[in-house]
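Close look at the chain arrangement
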There are 2 protein chains.
Amino acid sequence: MNWKVKIKVLLKESILDPQGQAVEGGLDSLGYKNVSDVNIGKYMELEIEDVVTKDKVKTQVDEMCQRLLANPVIEDYTFEVEEMEG
Amino acid sequence: MNWKVKIKVLLKESILDPQGQAVEGGLDSLGYKNVSDVNIGKYMELEIEDVVTKDKVKTQVDEMCQRLLANPVIEDYTFEVEEMEG
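From a predicted model like this one, the values you see are computed outputs, not experimental measurements.

Rules used in this analysis
- Residues numbered from 1 in each chain as written.
- Chains lettered and ligands numbered in written order.
- Predicted model: local features only at pLDDT ≥ 70, side-chain atom pairs only at ≥ 80, totals over all residues.
- Heavy atoms only, no water.
- Phe/Tyr/Trp six-rings, centres within 6.5 Å; stacked < 30°, edge-to-face > 60°.
- Buried < 20%, exposed > 50% of the residue type's maximum accessible area, 1.4 Å probe, protein only.
- Helix = DSSP H or I, 4+ residues; strand = E, 2+ residues; numbered from the N terminus.
- Expected span 1.5 Å × (residues − 1).
- Arc of directions from axis to C-beta.
- Contact = heavy atoms within 4.5 Å.
- Salt bridge = Lys/Arg side-chain N within 4 Å of Asp/Glu carboxyl O.

Turning next to the packing of aromatic side chains. All names here are of chain A. Counted according to the given criterion, the structure contains two aromatic pairs over all chains. With a centroid separation of 6.5 Å and an interplanar angle of 10°, the aromatic rings of Y77 and F79 are classed as stacked. By relative accessible area, Y77 is classed as buried at 18%.

Here it is in structure tokens:
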């Protein structure tokens, strides 16, 4: 079975997000005064082939996030796994 | 009413994604040989205050994506809008 994986990575709440602040300032200067708490992170989509169960895919994705796709010291990640047709 | 907005930005399919290819190579070298079609983009969360209807929030977010948060020439964006309690 093949799977579609969607991963979101954001800085932990306790970590300063200068990029988010910069975007918030940019939006403000464009006239959007009602925007707050802007957090910027990474979004990844990928496909995983030939894995039999959803749980096994989740285990693999968790491992890949811990080892490469996110920095567990300063970032939190969440992900969704969907079975692909065909 | 206040709203939580979640925005995903990815390169258009037709655009080469060297970052995605680099990550795919990194995963491969870590032993994950069953991963393909890696696409890397931006994930943003923000809050929008004092807007009465969901449609008005969507219009504002669309505008902000077109003007600042995404590059419509090379990127596609999608977003979700949720009403916040309180």
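Anyway, onward from the coordinates.
For the rest of this paragraph, the subject is helix α2 (residues 54–69) of chain A. Helix length check: α2(A), at 16 residues, gives a terminal C-alpha distance of 19 Å against a target of 22 Å (1.5 Å per residue), a shortfall beyond 12%. Along α2(A), the residues classified as buried are V57(A), Q60(A), V61(A), M64(A), C65(A) and L69(A). All buried residues of α2(A) fall inside an arc of 140° around its axis, so they share one side. Away from its buried face by more than 90 degrees, α2(A) exposes D55(A) and K56(A). Elements in contact with the buried residues of α2(A): β1 (3–11), β2 (35–48) and β3 (75–83) of chain A together with α1 (18–29) and β2 (35–48) of chain B.

It is worth spelling out the pattern of salt bridges at this point. All names here are of chain B. Summed over all chains, the structure comprises twelve salt bridges over all chains. One salt bridge connects E45 with K4, and the closest N-O pair in it is separated by 3.6 Å. Highlighted residues: E45 in strand β2 and K4 in strand β1 (residues 3–11), separated in sequence by 41 residues. Each member of the pair E45 and K4 is classed as buried. Between K4 and E47 there is a salt bridge, with the nearest N and O atoms lying 3.8 Å from each other. Here E47 lies in strand β2 and K4 lies in strand β1, a separation of 43 residues in the sequence. Residue K4 is classed as buried on the basis of its relative accessible area, which comes to 17%.

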